[in-house]
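Architecture at a glance
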Amino acid sequence: MDTLLNSSLTLGNVILLFLVGVMMLMIVLGFVTYAIYAERKILGWMQFRIGPNRVGPLGLLQSVADVMKLLIKEDTIPKKADRELFILAPVLAFVPSFLVLAVLPFTETFHLADLNVGLLYYVAISGISTMGIILGGWASNNKYSLLGGMRSAAQMISYEIPLVISVIGVILLSGSLNLRQIVESQAGGWFWNWNFLPQIIGFAVFIVAAVSELNRTPFDLPEAESELVAGYHVEYSGFRFAFFMLAEYVYVFAIASMTTVLFLGGWLPPFPFLAFIPGIVWFLFKFCLVVFFLIWIRGTLPRIRVDQLMSMGWKVLLPLALANVFLTAIVKQLLR
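So, here is what we can say about the structure in this document.

Rules used throughout
- Residues numbered from 1 in each chain as written.
- Predicted model: local features only at pLDDT ≥ 70, side-chain atom pairs only at ≥ 80, totals over all residues.
- Heavy atoms only, no water.
- Helix = DSSP H or I, 4+ residues; strand = E, 2+ residues; numbered from the N terminus.
- Rg over C-alpha atoms; globule rule 2.2 N^0.38 Å.
- Contact = heavy atoms within 4.5 Å.
- Areas by Shrake-Rupley, 256 points an atom, 1.4 Å probe, with all protein chains shown as cover.
- Lys, Arg positive; Asp, Glu negative; His and termini not counted.
- Charge placed at Lys NZ, Arg CZ, Asp CG, Glu CD.
- 1 Å grid on protein atoms, 1.4 Å probe; cavity = no way out; pocket = protein on both sides within 12 Å on 5 of 7 lines; lining within 4 Å.
- Points joined across faces, edges and corners; volume = space filled by probe spheres on them.
- Nonpolar A, V, L, I, M, F, W, Y, C, P; charged D, E, K, R; others polar.
- Core = buried A, V, L, I, M, F, W, Y, C linked by side-chain atoms within 4.5 Å.
- Buried < 20%, exposed > 50% of the residue type's maximum accessible area, 1.4 Å probe, protein only.
- Phe/Tyr/Trp six-rings, centres within 6.5 Å; stacked < 30°, edge-to-face > 60°.
- Lys NZ or Arg CZ within 6 Å of the ring centre and 35° of its normal.
- Patch = residues over 30% accessible without salt bridge, like charges linked within 9 Å, V, L, I, M, F, W, Y side chains within 5 Å.
- Salt bridge = Lys/Arg side-chain N within 4 Å of Asp/Glu carboxyl O.

Within the chain, the secondary structure is distributed over 13 helices and zero strands. Mapped from its N terminus to its C terminus, the chain presents α and β elements in the order α-α-α-α-α-α-α-α-α-α-α-α-α. Relative to the compact-globule value of 20 Å for 336 residues, the chain shows a C-alpha radius of gyration of 21 Å, a close match. Seen through its C-alpha atoms, the chain measures out along the principal axes to roughly 65 × 65 × 45 Å. Counting only contacts in the chain whose residues sit at least 6 apart along the sequence, the fraction spanning at least 24 positions is 79%. Carbon and sulfur atoms provide 73% of the accessible area of the chain, an area that totals close to 17100 Å². Averaging the positions of the 21 positive and the 19 negative side-chain charges in the chain gives two centres separated by 7 Å.

What follows is the structure, given as structure tokens:
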């Protein structure tokens, strides 16, 4: 009887987790759809254009139409490509981008998995997506895609290290790798208790490295249209191409959430007298500010050269990230 009860409870938990996962996927897909629309509109306004305005009221269904077009396009696989790896690469790029969302706390009570090593889990899983990009570039058997894949490998090595080191200061201040506890360690009533001020160097390094990890302008060298046609996904079409694009925007969701959690106080209000506003409202407000910043950067800065990319990663960001760790440790020891 006990065995039957335990099995039914396990089955119930599995079904519940499945339903929550499906709900999270729907939320993320909705974000991706309208993040693309918002990006095209904002870039249009910045460049004195109108942006999407034909499909649906105010062009709100333009992204939906684009997705439908991608899904019904012919799926082509180059004759000389490595078929198995060519098919696997988009999946390998997308799945980790969705898995990292499990540890992100959106409020004090709303998070899928409250892991004690949530930050370590995020860093470890997110690095797998670059393998999908490299694999896609190599398996396509195309020189342009191979160059894009190799650029992605170099970029990952150059910027993943400063990205990880930049958050060590946050770990030292909070004393935990648990993302919920990191937010709670920033509680104090006022916004200057958030980590973006005491960790201003780490915050700056994190933002630059995060934009590079997203392969977005000015660090979009793996898919540089003016040099590599489309880079690592030049041979992809239809829904496989959609998987690469989906992974990119899911990571925008993830990195904006992670920035909010690590440096902007998560769901905490900026002033004590605003505590009556629900935490999810504050989280979404800060999240939207970070997303807008990423779009703003894309509409403002030109793409940098490869040598500038590598030099910035190794000669600027890495020393700054290491200096931030030492400064944080020294200041914390002195204050103790």
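After that view, the rundown keeps rolling.
Size it by volume and the second largest pocket reaches roughly 250 Å³. Forming the walls of the second largest pocket are Trp194, Phe203, Ile207, Thr259, Leu264, Pro270, Trp282, Phe285, Lys286, Leu289, Val290 and Phe293. Mapped by element, the contributors of at least two residues to the lining of the second largest pocket are helix H9 (200-213) and helix H12 (279-300). The element that contributes the greatest number of residues to the lining of the second largest pocket is H12, accounting for six residues. The residue inventory of the lining of the second largest pocket, partitioned by class, reads 10 nonpolar, one polar and one charged.

As a further point, take the nonpolar core. By size, the foremost hydrophobic cluster in this structure holds 65 residues, and its most contacted members are Phe31, Leu101, Leu179, Phe206, Phe253, Met258 and Leu262. Breaking this core down by element, the ones donating at least two residues are helix H1 (2-46), helix H4 (118-126), helix H6 (143-166), helix H8 (179-184), H9, helix H11 (238-263), H12 and helix H13 (306-335). Broken down by element, this core gets its largest block of residues, 14 residues, from H11. When sequence neighbours within four positions are dropped, the list of residues in contact with leucine 101 reads Met24, Val28, Val250, Phe253 and Ala254. Ranked by size, the runner-up nonpolar core spans 10 residues in total, among them Ala81, Ala139, Tyr232 and Phe244.

One pass over the full model with this rule turns up 23 aromatic pairs. Residues phenylalanine 253 and phenylalanine 287 carry aromatic rings whose centres are separated by 5.2 Å and whose planes lie at 65° to one another, so their mutual orientation is edge-to-face. Note that phenylalanine 253 is positioned in helix H11 and phenylalanine 287 in helix H12, a separation of 34 residues in sequence. This pair shows no difference in class: phenylalanine 253 is buried, exactly as phenylalanine 287 is. Plain terms: the ring middles of tryptophan 282 and phenylalanine 285 are 6.4 Å apart, the flat faces sit at 80° to each other, and that makes the pair edge-to-face. With tryptophan 282 and phenylalanine 285 both in helix H12, this residue pair falls three residues apart, about one helical turn. Tryptophan 282 sits in the buried class, given a relative accessible area of 12%. The exposure class assigned to phenylalanine 285 is partly exposed, which follows from its relative accessible area of 49%. A network of ring pairs unites the aromatic residues Phe31, Phe106, Phe253, Phe283 and Phe287 as a single cluster. Above the face of the tryptophan 194 ring, lysine 286 is positioned so that its terminal group lies 3.9 Å from the ring centre.

A separate point is empty space enclosed by the protein. Following the criterion strictly, the structure yields four cavities of 30 Å³ or more and no others. Of the pockets and cavities examined, the largest cavity occupies roughly 320 Å³. For the largest cavity, the lining is made up of 23 residues, of which Ser129, Thr130, Glu213, Leu214 and Tyr251 are closest to its centre. If you list the elements that add at least two residues to the lining of the largest cavity, you get H4, helix H5 (128-139), H6, H9 and H11.

There is a patch of nonpolar side chains on the surface, built from Tyr34, Val55, Leu58, Leu60, Leu61, Val64, Val67, Met68, Leu71, Ile72 and Phe239 and spanning about 960 Å² of accessible area. For the nonpolar patch, the leading source of residues is helix H2 (residues 62-72), giving five residues. In this fold, phenylalanine 239 is placed in helix H11.

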